[in-house]
Amino acid sequence: MTLSEESAQAPSVVVEDLPDSVEVATEEGRRMAAQLHDKQPHAKRLLEVRNLTTQFFTREGVVHAVDEVSFDLDYGETLGLVGESGCGKSVTALSLVRLVPSPPGRIVSGQIIFDGVDILKLSNAEMRLMRGKKIGFIFQDPMTSLNPTLPIGFQISESAKLHLNLSRRAADDRAVELLSKVGIPRARDRMKDYPHQFSGGMRQRVMIAIALACDPMLLLADEPTTALDVTIQAQILDLIRSLSEEFGTAVILITHDLGIAAGMCHRVNVMYAGRIAETGLVDDVFEHARHPYSWGLMDSLPRLTDARSARLRTIEGLPPDLLDPGPECRFSPRCHYVTDRCRTAEPELSSREGEGHLARCFGTEPGGWIA
Amino acid sequence: MANRTETLPAATVEVRRSSGLWGDAFRRLRRNRLAIVGGVLVILFVFIAIFGPYLAPWPYDYQDLDAVLANGGLPLPAFSPGHFLGTDELGRDLLSRLMDGARISMTVALVVQFVVLVIGMPVGAAAAWFGGRTDSWLMRLTDVIYAYPDLLFIILLSVALKETVFGKALDGLLLVFVAIGLTSWVTMARLVRGQLLSLKETEFVEAAQAIGVPSKKIISKHLLPNALGPVIVAVTLGIPGAILAEATLAFISIGATPPRASWGSLVADGQPWLRSFPHLVIFPALAIATALISFTFLGDGLRDALDPKLKGKQ
Amino acid sequence: MGAYLIRRVLWIIPVLFVVSIITFSLMHAVPGGPWSKEKKLPPSVIEHLDQKYNLDEPVFIQYLNWVGPLQFDEGALQRDEADNLVFGGLLAGDLGPSYKYLDRSVNDIVADGIWVTVQLGLMSFILSVIVGIPLGVIAALRHNGIPDYAATFVSIIGIATPTFVASILLLVVFSIALGWFQPNSLDWRTDPSSWVLPVIALSLFPIAQIARYTRASMLEVTRRDYVRTAHSKGVKEGSVVVVHMIRNALIPVVTILGPLLAFLITGSFITEFIFSVPGIGRYYVTSIGQRDYGVIMAMTMLYAAAIAIMNLVVDVLYAYIDPRIRYS
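A. Inspection of the overall build of chain B at higher detail. Counting its regular elements, chain B contains twelve helices and zero strands. In chain B, the succession of helices and strands from N to C terminus is α-α-α-α-α-α-α-α-α-α-α-α. Relative to a compact globule of 314 residues, whose C-alpha radius of gyration would be 20 Å, chain B shows 25 Å and is clearly more extended. When its C-alpha atoms are laid out on the principal axes, chain B stretches across 95 × 45 × 30 Å.

B. Quick peek at the sheet that holds strand 4 (residues 105-114) of chain A. Residue and element names in this part refer to chain A. With antiparallel pairing, the four strands of this open sheet are ordered in space as 2-1-4-5. Edge positions in the sheet fall to strand 2 (61-73) and strand 5 (117-118), since each has one partner strand and no second. Sitting on the sheet, helix 3 (residues 89-96) touches strand 1 (47-58), strand 2 and strand 4, and the angle it makes with strand 1 is about 110°.

C. Spatial organisation of the confidence of the model for chain A. For chain A, per-residue confidence averages 79 on the pLDDT scale, and residues scoring 70 or more make up 84% of the total. Confidence drops under pLDDT 50 across residues 1-26 of chain A; counting only partners more than four residues distant or on other chains, this segment forms 37 contacts.

D. View of the side chain of B:Arg260. All names here are of chain B. Following the sequence through the fold, Arg260 ends up in the loop between helix 10 (215-251) and helix 11 (263-270). Judged by relative accessible area, Arg260 falls into the buried class, the value being 13%. Side chain to side chain, Arg260 and Asp100 meet in a polar contact 2.9 Å long. Not counting the four nearest positions on each side in its chain, Arg260 is found in contact with Tyr60, Asp100, Arg103, Ile104, Asp171 and Leu173.

E. Molecular detail of the environment of A:Leu96. Relative to the assigned elements, A:Leu96 resides in helix 3. C-alpha separation for the pair A:Leu96 and A:Gln111, spaced 15 residues apart in sequence, amounts to 9.8 Å.

F. Layout of the interface of chain B and chain C. Listed per partner, the contact involves 39 residues of chain B and 43 residues of chain C. On the surface where chain B and chain C come into contact, there are one salt bridge. For C:Arg212, the salt bridge identified is with B:Asp300, shortest N-O distance 2.5 Å. The interface formed by chain B and chain C contains three residue pairs in polar contact (both at pLDDT 80 or more). The set of elements that each furnish at least two residues to the side of chain B that touches chain C consists of helix 5 (132-147), helix 6 (150-160), helix 10, helix 11 and helix 12 (279-306) of chain B. The residue inventory of the side of chain B that touches chain C, partitioned by class, reads 28 nonpolar, four polar and seven charged.

G. Here's a closer look at the sheet that holds strand 12 (residues 358-359) of chain A. Residue and element names in this part refer to chain A. Here eight strands make up an open sheet; going across it, the order is 6-7-8-3-9-10-12-11 and the pairing mixed. Every other strand in the sheet has two partners, leaving strand 6 (135-138) and strand 11 (350-351) as the edge strands with one partner each. Relative to the sheet, helix 3 contacts strand 3 (78-82), strand 6, strand 7 (218-222), strand 8 (250-255) and strand 9 (267-272), its axis offset from that of strand 8 by approximately 150°. Sheet strands in contact with helix 9 (residues 200-211) are strand 6 and strand 7, and its direction is about 170° off that of strand 6.

H. Summary view of the confidence of the model for chain B. All names here are of chain B. Per-residue confidence for chain B gives a mean pLDDT of 80, with 91% of residues at or over 70. Here residues 1-18 is modelled with pLDDT under 50, and outside its nearest four sequence neighbours on either side it reaches 28 contacts, counting other chains as well. A low-confidence stretch, residues 310-314 (pLDDT under 50), is modelled with ten contacts involving residues beyond four sequence positions or located in other chains. Scored as a complex, the prediction yields pTM 0.81 and ipTM 0.82.

I. Up close: the packing of aromatic side chains. Applying the stated criterion to the full structure yields 13 aromatic pairs over all chains. Ring plane angle 65° and centroid distance 5.3 Å describe the contact between A:Tyr293 and A:Phe331, whose orientation is recorded as edge-to-face. Separated by 38 residues along the polypeptide, A:Tyr293 in helix 13 (residues 292-299) and A:Phe331 in the loop between helix 13 and helix 14 (340-344) bring together distant segments of the chain. Judged by relative accessible area, which is 4%, A:Phe331 ranks as buried. Note on B:Tyr148 and B:Phe153: the rings are 5.4 Å apart at their centroids and 75° apart in plane angle, and the pair reads as edge-to-face. Taken individually, B:Tyr148 and B:Phe153 each receive the classification buried, so the pair is uniform in this respect. One aromatic cluster in this structure is built from A:Tyr272, A:Tyr293 and A:Phe331. The aromatic ring of B:Tyr60 is capped on one face by B:Arg260, whose charged end is 5.6 Å from the ring centroid.

J. Spatial organisation of the state of the cysteines. Residue and element names in this part refer to chain A. Applying the stated rule across the entire model yields zero disulfides over all chains. The thiol sulfur of Cys342 is not disulfide-bonded, and the nearest other cysteine sulfur, from Cys329, lies at 5.8 Å. Not part of a disulfide, Cys361 finds its nearest cysteine sulfur in Cys335, a span of 6.2 Å.

K. How the structure looks around the pairing of strand 2 of chain A. Residues and elements named next belong to chain A. As judged from the nine bridges shared by strand 1 and strand 2, these two strands associate in the antiparallel manner. Note on strand 2: the bridge partner recorded for Glu48 is Asp72. The hairpin turn running from strand 1 into strand 2, its antiparallel successor, is two residues long.

L. The nonpolar core, seen in detail. Membership of the largest hydrophobic core comes to 180 residues, with the highest contact counts inside it found for B:Leu156, B:Trp263 and C:Phe164. At 20 residues, the largest contribution of residues to this core is made by helix 10 (residues 237-275) of chain C. Look past the residues within four positions of B:Trp263 in its chain and what remains in contact with it is B:Phe45, B:Leu98, B:Gly101, B:Ala102, B:Ser105, B:Pro284, B:Ala287, B:Ile288 and B:Ala291. Among the nonpolar cores identified, the runner-up in size contains 95 residues, and A:Leu96, A:Met130, A:Leu220 and A:Leu253 belong to it.

M. Summary view of the packing of helix 10 of chain B against helix 11 of chain B. Residue and element names in this part refer to chain B. Between helix 10 and helix 11, whose axes approach to 6 Å, the crossing angle comes to 35°. The handedness of the crossing between helix 10 and helix 11 comes out as right-handed. Residue-level inspection shows Ala247, Ala250 and Phe251 of helix 10 in contact with helix 11, the latter providing Gly264, Ser265, Val267 and Ala268. Along the lines of polarity and charge, the residues of the contact of helix 10 with helix 11 split into five nonpolar, two polar and no charged.

Procedures and definitions
- Residues numbered from 1 in each chain as written.
- Chains lettered and ligands numbered in written order.
- Predicted model: local features only at pLDDT ≥ 70, side-chain atom pairs only at ≥ 80, totals over all residues.
- Heavy atoms only, no water.
- Helix = DSSP H or I, 4+ residues; strand = E, 2+ residues; numbered from the N terminus.
- Rg over C-alpha atoms; globule rule 2.2 N^0.38 Å.
- Pairing = 2+ DSSP bridges.
- Contact = heavy atoms within 4.5 Å.
- Axes fitted to C-alpha atoms, helices over the stretch in contact; angles between N-to-C directions.
- pLDDT = per-residue confidence, 0-100.
- Buried < 20%, exposed > 50% of the residue type's maximum accessible area, 1.4 Å probe, protein only.
- Polar contact = N/O pair within 3.5 Å; in protein donor to acceptor, adjacent residues only side chain to side chain.
- Salt bridge = Lys/Arg side-chain N within 4 Å of Asp/Glu carboxyl O.
- Nonpolar A, V, L, I, M, F, W, Y, C, P; charged D, E, K, R; others polar.
- Phe/Tyr/Trp six-rings, centres within 6.5 Å; stacked < 30°, edge-to-face > 60°.
- Lys NZ or Arg CZ within 6 Å of the ring centre and 35° of its normal.
- Disulfide = S-S within 2.5 Å.
- Core = buried A, V, L, I, M, F, W, Y, C linked by side-chain atoms within 4.5 Å.
- Left-handed = near helix turned anticlockwise from the far one by under 90°.

Next up, the structure:
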């Protein structure tokens, strides 16, 4: 382990500096928080991902699941990764903790600096000390992500025992505390219960308790509510939000649901076909999207003002084959605004109006043909 | 937020090319090298079983006494002229007897699994279909059969009916085959029952019912094809058990009437000669081993190919 | 759970009842009787013997006599008080006379051999489990590596070698040719080496099956979400395997333990026969040939009871391993 004392202390300092950043309140608040982040180069970023490339080596060929993805995350910030299924958002998250199923998956190149540590250079043993302790993970399906043969109390206290060197009793107390924190009534009585004795929503709460057991700096939430009922979804999201605020935990929230991203995140990355298509503050991306794919995503949201008979708007076509992406813009086959240029070269992520607002589109670059 | 949650863009629905359950399964099976080896060997055994009498160098009961006497009354070793795998002490050609044994073993496979299907499928289906009292009585019947020490039942039955017409059919073999089948159908009945019960609960069957598909069509289009995979696998994996049971019985001289000899009785006959003429035991043992392995490999391959749980993971 | 257990134990009784009726009828359908195998006895002697052993009565009366002291036909016993062989019947714990070993009761025969047979079965079962499970686990963890191929090879040998073949080969190679073990051990109680070859011969197939199922199940479990969760908690590789995977992987393996136990029970007679083990397994076959009715019935009942009880144990074990299963 190469983590220094001070870097381990860092999150609380930053959170104190930036009270606005943890308040998902007004547009102003969020913008201010973002600006504060950008104006404080001394405040080290929690996470810097540079040119992350993860590929799957299958019988049919190499799948470019995550291709040269770069983004940053500040202490206490909530970042959304949105996109269709198969766009690489889950693989991105798994890459961050080096849990891409291998074989066939492999992180081919790139850099992941987490709290000053280069994740990809850690030994397996060092990486293990990161997982659970510094980075917690909530998976999509609470029905299958908990071990059916172990009591939930054990599953929560396991990492506390492991990473915090707690005695069995102290770890159990910690587990009870977490269970009540995630809103499970009669927490101590339920420690000995097995996952099948809980409903889906309750299991996801247990999963959150597991992820937060060691008070991590970063919480990766991979579609945490997709498998749940709509009413439960809101409760779980509220819980993630309030606990991340309370603990000052940064969150990467992976979702295909733009509504969730808009309500939860400070910034969002829109991913398409293994790449970031657009990134920026939540309002910039949602109100002033500068990528045709982002427009398509927003457009396919049904609105309350729609006529009842209106059909769902969809983005025509399918995402490209990630086995062999060509040199063209990956969205070009489905884009209404496509030109010859888009079919021969892929645009870079370039700045747009708004702090840290970038988009990968020739058409909306200054001087582009899309207004 | 909540009112905007069901907003999955339609384009996210993944479209996978698929040639249907059986096409997919066959493609997976072809990629499984062990299963292919097993399948080829099974075809070879079946071929020998059907055409063996025309291919064998000698009739299985022909005694080449001249050769044995020339050898001082001892069995001929392997690679003797005219007897590629040697002979026993009576001058009977081992290769020809092994080929006839293949015939017995393949017939066992066929008859036993036929009995298993004919009893096990209806019992299992009836238990699942009628449920209630029928179900519980049929399952109690399977409890009894399950607890019955099967070899004892087979031996008793074959001794009891030995002198009847049925007991003399196929050189006394049919009786043994049917007896083995009578002890083996329980697993199939339970499997079919479990399959049908769980399929009845599945969403696609409920969906079919909801849109008013007639139940006859639900059974033929949804239940049976989906239950068929596990049944095929169980039949294939049940064959080694049947071959093994027959060989074991033959080893203790239950089954084929001499001079007809199954692989098991060849091992028993060769046992006294094991030290000086090990080929008399080794070759029949190899024949049994090859048959057991090839059906097991094929069955394992079929299971992997037909198991929907593994779908999309390869 | 308690009520369930009691119900299951009680259910064994009717099962055994039906088993005994089937056996009794089949047994008496077998042509000939206990005396027909001997050198031709004069009919008067046979008649006398039949009378003495109550074999001249209708089969169902004989059955009732076998079951116990429920005497419906008083005359049957009174006919020749001095010569009649009176015994208590099954319900009194008396398995009756042997028709082959005229000086011994079936109880004596069973008592002499049963512990040897139980010991052989238990040792084989334990060996199968403690070799088969680790073999399967290691093969799965080193999927497509050398340990995997080694384990697969052992499995193939086990599946391909019937017990009788394995017994013969082991006996000839290690006892007769190499002389490592006494071919016909005379002292099974004090010489542990007598057990080595029979136990190995009997365990080969169960080891192979357990290893195969464990390997497949472990490979399946490796891909489960909860294993990924365990990794995401930073649990050590070894603990993931021991704490999170093995128990789940054993759930399907437990389902084949029942059939394997039945295999060990019924397979033991071949091994006992080849290695001259002084257990009861050898009577399993010989008693039918000798029409030794008492021994046939005793063997059936013992083996059926053993299989039924083992199945119950396996079901309980199943619930113990998988907390989702609750019997009621």
